[in-house]
Amino acid sequence: SLLSVYDISRETPITLSYTTPFPTLSGQTISAWNGKLYGFGGQNSTNPSNSLVEYNIATRNWIFLSNSGIPPSPRTSSFSCVLRDKLFIFGGYN
């Protein structure tokens, strides 16, 4: 499977492979922090999700993370950012 990346400094696209399958969700929001990508929400073929996934750029692995406490509601088409080691998730549709 492939992950598309755009090298901004070289102005060229790069295609990276990954060793575990990408979660089959559309409309996820993804933010970068500490050398990893974090994706939240999205939608499978029928329902919105509140799953949290991590892509480790060094190992090229996707993993589903556990939520401790009460997770955000399932949603798709939200946006996110990382500030002071926290992932903020805004808006979206459920």
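Refer to the structure above for everything that follows.
These numbers come from a predicted model, not from an experiment. (Residues numbered from 1 in each chain as written. Predicted model: local features only at pLDDT ≥ 70, side-chain atom pairs only at ≥ 80, totals over all residues. Heavy atoms only, no water.)

**Q** Account for the overall build of the protein, with residues named and values stated.
**A** Scanning the protein from terminus to terminus reveals zero helices and eight strands. N-terminal to C-terminal, the α/β element order of the protein is β-β-β-β-β-β-β-β. Taking the principal axes of its C-alpha atoms as reference, the protein extends roughly 40 × 35 × 25 Å. Counting only residues that meet the buried cut, the protein has 27% of its 94 residues in that class. The long-range fraction of contacts in the protein, counting pairs at least 24 apart against all pairs at least 6 apart in sequence, stands at 34%. For the protein, the exposed surface amounts to about 6,400 Å²; the carbon and sulfur share of it is 55%. Positive and negative side-chain charges of the protein, numbering 6 and 4 respectively, have mean locations separated by a distance of 8 Å. (Helix = DSSP H or I, 4+ residues; strand = E, 2+ residues; numbered from the N terminus. Buried < 20%, exposed > 50% of the residue type's maximum accessible area, 1.4 Å probe, protein only. Contact = heavy atoms within 4.5 Å. Areas by Shrake-Rupley, 256 points an atom, 1.4 Å probe, with all protein chains shown as cover. Lys, Arg positive; Asp, Glu negative; His and termini not counted. Charge placed at Lys NZ, Arg CZ, Asp CG, Glu CD.)

**Q** Quick one: what's the story with the sheet that holds strand β3 (residues 29-33), residue by residue and with numbers?
**A** With antiparallel pairing, the four strands of this open sheet are ordered in space as β3-β4-β5-β6. The open sheet is flanked by β3 and β6 (61-65), the only strands paired with a single partner. When strand polarity is set aside, the average angle formed by the axes of neighbouring strands in this sheet is 25°. Pairing between strand β4 (residues 36-40) and strand β5 (residues 52-56): five bridges, direction antiparallel. Opposite K36, over in β5, you have N56 as the bridge partner. (Pairing = 2+ DSSP bridges. Axes fitted to C-alpha atoms, helices over the stretch in contact; angles between N-to-C directions.)

**Q** An account of the pattern of salt bridges is needed here, citing residue identities and associated values.
**A** Taken as a whole and judged by the stated rule, the model has one salt bridge. Residue K36 is joined to E54 by a salt bridge in which the shortest nitrogen-to-oxygen separation is 3.8 Å. Placement of K36 in strand β4 and of E54 in strand β5 is noted, with a sequence separation of 18 residues between them. Residue classification places E54 among the buried positions, given a relative accessible area of 10%. (Salt bridge = Lys/Arg side-chain N within 4 Å of Asp/Glu carboxyl O.)

**Q** Which residues make up the packing of aromatic side chains, and what values do they have?
**A** Taken as a whole and judged by the stated rule, the model has four aromatic pairs. A centroid spacing of 6.2 Å and a plane angle of 50° characterise the contact between W33 and Y38, whose relative ring orientation is tilted. Ring centres of Y55 and W62 lie 4.8 Å apart, and the angle between their planes is 40°; this geometry places the pair in the tilted category. Just as Y55 is buried, W62 falls in that class too. Members of the aromatic cluster, each reached through a chain of ring pairs, are F79, F88 and F90. (Phe/Tyr/Trp six-rings, centres within 6.5 Å; stacked < 30°, edge-to-face > 60°.)

The analysis is restricted to geometry; functional conclusions fall outside its scope.
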